[in-house]
Amino acid sequence: PPAMSRRVVRQSKFRHVFGQPVKADQMYEDIRVSKVTCDSSFCAVNPKFVAIIVESGGGGAFIVLPLAKTGRVDKNHPLVTGHTAPVLDIDWCPHNDNVIASASEDTTVMVWQIPDYVPVRNITEPVVTLEGHSKRVSIISWHPTARNVLLSAGCDNLVILWNVGTGEMLLALDDMHTDLIYNVGWNRNGSLLVTTCKDKKVRVIDPRKQQIIAEKTKPHDGTRPIRAIFVADGKIFTTGFSRMSERQLGLWDLNNFEEPIALQEMDTSNGVLLPFYDADSSIVYLCGKGDSSIRYFEITDEAPYVHYLNTYSSKEPQRGMGFMPKRGLDVSKCEIARFFKLHERKCEPIVMTVPRKSDLFQDDLYPDTPGPEPALEADEWLSGKDAEPILISLRDGYVPIKNRELKVVKKNILDSKPPPGPRRRHSTCDSDFSQPALEEVLEEIRALKETVQAQEKRISDLENKLGQFTNGTD
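Residues numbered from 1 in each chain as written. Predicted model: local features only at pLDDT ≥ 70, side-chain atom pairs only at ≥ 80, totals over all residues. Heavy atoms only, no water.

The name given to the protein chain in an unreviewed UniProt entry is Coronin, with Cardinalis cardinalis as the source organism. Checking UniProt for the protein chain, the heading Sequence similarities (unreviewed entry) contains the comment "Belongs to the WD repeat coronin family." (UniProt positions renumbered as here; feature names shortened; annotations may be inferred.)

Given below as structure tokens:
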């Protein structure tokens, strides 16, 4: 009989996950959150800092606050201000909690070293500026396992991979997207990318082979932007809109991209749903820009594969959202996710918790999770190596590492080879650049090097002399 076929409620330790905002004094108040119309999340967090893109007269800026510095933010709090046009996206380096990258309408990507103390004045000098896009850069994302590998995507429909440690362009994926790129996501070990594009295609790309290995046209029939992320086992999770403008979510298998594993309608609203995925619990959280709620689902191997868990609701709409990496959570409170919700003038942390009676470490909620050590160097990754993230245990909580300096070693420009693959010719004088002219340039460079070395020696001699004078007068 049909009554018998209604199964007992699905077993899951995440069925009762609930969200709660922090108390009023734990928020970050008086922040002029950016009003740029851009579907990025505007906020990036890690175990040390929260960074938020802010309004700034002339140029573009973001503010960086130590996590503990809650309450009202001083109106003269220093900003990070190096861009000459609005900042559109920011992302903390997963392997160094003091390094953040920013992408801007000024066509550049900048990488910044943030000190552990609050600086006295604005930070205006990036460690490195990466120039290669011809239009605004709206997407930025660090490689999950390789040190110093950074991806940027711009409105020139170009995806560029950089080695931040040398300031070089590693790869340019320039003939793959025919229109504006909406989002780009790495898989867990950083061997593949998934992208969504205004041409209504989801593409899975092997960046090192510069190949599209799978693509799906119109995973959602509607015309509004689609988002896609990798989830466990290489599956792809998408959000988009139906032909009737209802918001949808989809789950797809790369090996059979034709038919969705799951496709569910949610509601009618025009905010793009930003998906945030936690691989340790297989939960995906959907935050719509302009929504006042966060919906969350568990992804499993049993039908219907994407299981609705619950909705965190509030009164105020969100302008953006930051998502804390697992190592930044409080395991003693069974916290499994923490969001940083942006309002117009403040940032409000929202804590997602699994209710448990025991005070002991809940090892079923906290499998080992990616730590701050990279598994590969940039050149190893570029040469074809893959490595899974290096995991750490959260049993005793995670203690952030002290500030490590990002060193950028620019290679000699004359030794560098252009990145592999088809490239637009940057220079028109390659062919007729004569040998004597090259010799002349090299000679000049040698002379300059000698001058610099002589000056450096002179400076250090003067510093030593000065040191002798001031030794006794501190």
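### As for the overall build of the protein chain
Scanning the protein chain from N- to C-terminus turns up three helices and 32 strands. The C-alpha atoms of the protein chain give 24 Å as radius of gyration, which agrees with the globular expectation for 474 residues (23 Å, within 12%). Along the longest, intermediate and shortest principal axes, the C-alpha atoms of the protein chain span 90 × 60 × 40 Å. Split into buried and exposed, the 474 residues of the protein chain put 49% on the buried side. Counting only contacts in the protein chain whose residues sit at least 6 apart along the sequence, the fraction spanning at least 24 positions is 53%. Across the protein chain, 59 positive and 65 negative side-chain charges occur, with their mean positions spaced 5 Å apart. (Helix = DSSP H or I, 4+ residues; strand = E, 2+ residues; numbered from the N terminus. Rg over C-alpha atoms; globule rule 2.2 N^0.38 Å. Buried < 20%, exposed > 50% of the residue type's maximum accessible area, 1.4 Å probe, protein only. Contact = heavy atoms within 4.5 Å. Lys, Arg positive; Asp, Glu negative; His and termini not counted. Charge placed at Lys NZ, Arg CZ, Asp CG, Glu CD.)

### Quick notes on the sheet that holds strand β21 (residues 236-241)
Reading across from one edge, β20-β21-β22-β23 is the order of the four strands in this open sheet, with antiparallel pairing throughout. Here the strands that pair on one side only, and so sit at the sheet edges, are β20 (227-230) and β23 (262-268). Neighbour-to-neighbour, the strand axes of the sheet open up by a mean angle of 15°, direction not taken into account. Of the strand pairs in this sheet, β21 and strand β22 (residues 246-252) are connected by six bridges, and their pairing is antiparallel. Across the sheet, the residue bridging to Phe 237 is Leu 251, located in β22. (Pairing = 2+ DSSP bridges. Axes fitted to C-alpha atoms, helices over the stretch in contact; angles between N-to-C directions.)

### A short note on the sheet that holds strand β3 (residues 43-45)
Strand order in the open sheet made by the four strands is β3-β4-β5-β7, with antiparallel pairing throughout. Of all strands in the sheet, those bounded by a partner on one side alone are β3 and β7 (80-83). Strand after strand, the sheet turns through a mean of 20° between neighbouring axes, direction not considered. When strand β5 (residues 60-66) meets β7, the two strands line up antiparallel, connected through two bridges. Following the sheet pairing, Gly 60 is matched in β7 by His 83.

### Overview of the nonpolar core
Among the nonpolar cores identified, the biggest contains 36 residues, and Ile 31, Val 50, Ile 52, Phe 62, Ile 114 and Phe 340 are the most heavily contacted of them. Where this core is concerned, the elements lending two or more residues are β3, β4 (49-54), β5, β8 (87-92), β10 (108-113) and β29 (335-342). Residue contributions to this core peak at six residues, all from β4. By size, the runner-up hydrophobic cluster in this structure holds 25 residues, among which are Val 17, Cys 287, Ile 294 and Tyr 398. (Core = buried A, V, L, I, M, F, W, Y, C linked by side-chain atoms within 4.5 Å.)

### Let's talk about the environment of Gly 250
Residue placement: Gly 250 occurs in strand β22. A residue is classified by how much of its surface remains accessible, and Gly 250, at 0% relative accessible area, is buried. Between the C-alpha atoms of Gly 250 and Phe 237, which are 13 residues apart in sequence, the distance is 5.7 Å. Aside from chain neighbours lying at most four places away, what touches Gly 250 is His 220, Ile 236, Phe 237, Thr 238, Ala 262 and Leu 263.

### Brief notes about the environment of Thr 238
Here Thr 238 lies in strand β21. Along the sequence, Thr 238 and Asn 157 sit 81 residues apart, while their C-alpha atoms lie 20 Å from each other. Non-local contacts of Thr 238, meaning those with residues more than four positions away in its chain, are made with Val 202, His 220, Ile 226, Arg 227, Ala 228, Gln 248, Leu 249, Gly 250 and Trp 252. Polar contacts involving the side chain of Thr 238 include one to the side chain of His 220, which spans 2.8 Å. One polar contact links Thr 238 to Trp 252, side chain to side chain, over a distance of 2.9 Å. (Polar contact = N/O pair within 3.5 Å; in protein donor to acceptor, adjacent residues only side chain to side chain.)

### Re the side chain of Arg 338
Checked against the element boundaries, Arg 338 lands in strand β29. A distance of 2.6 Å separates polar atoms of two side chains, one belonging to Arg 338 and the other to Glu 335. If sequence neighbours within four positions are ignored, Arg 338 has contacts with Leu 67, Gly 322, Phe 323, Met 324, Gly 328, Leu 329, Asp 330, Pro 349, Ile 350 and Val 351.

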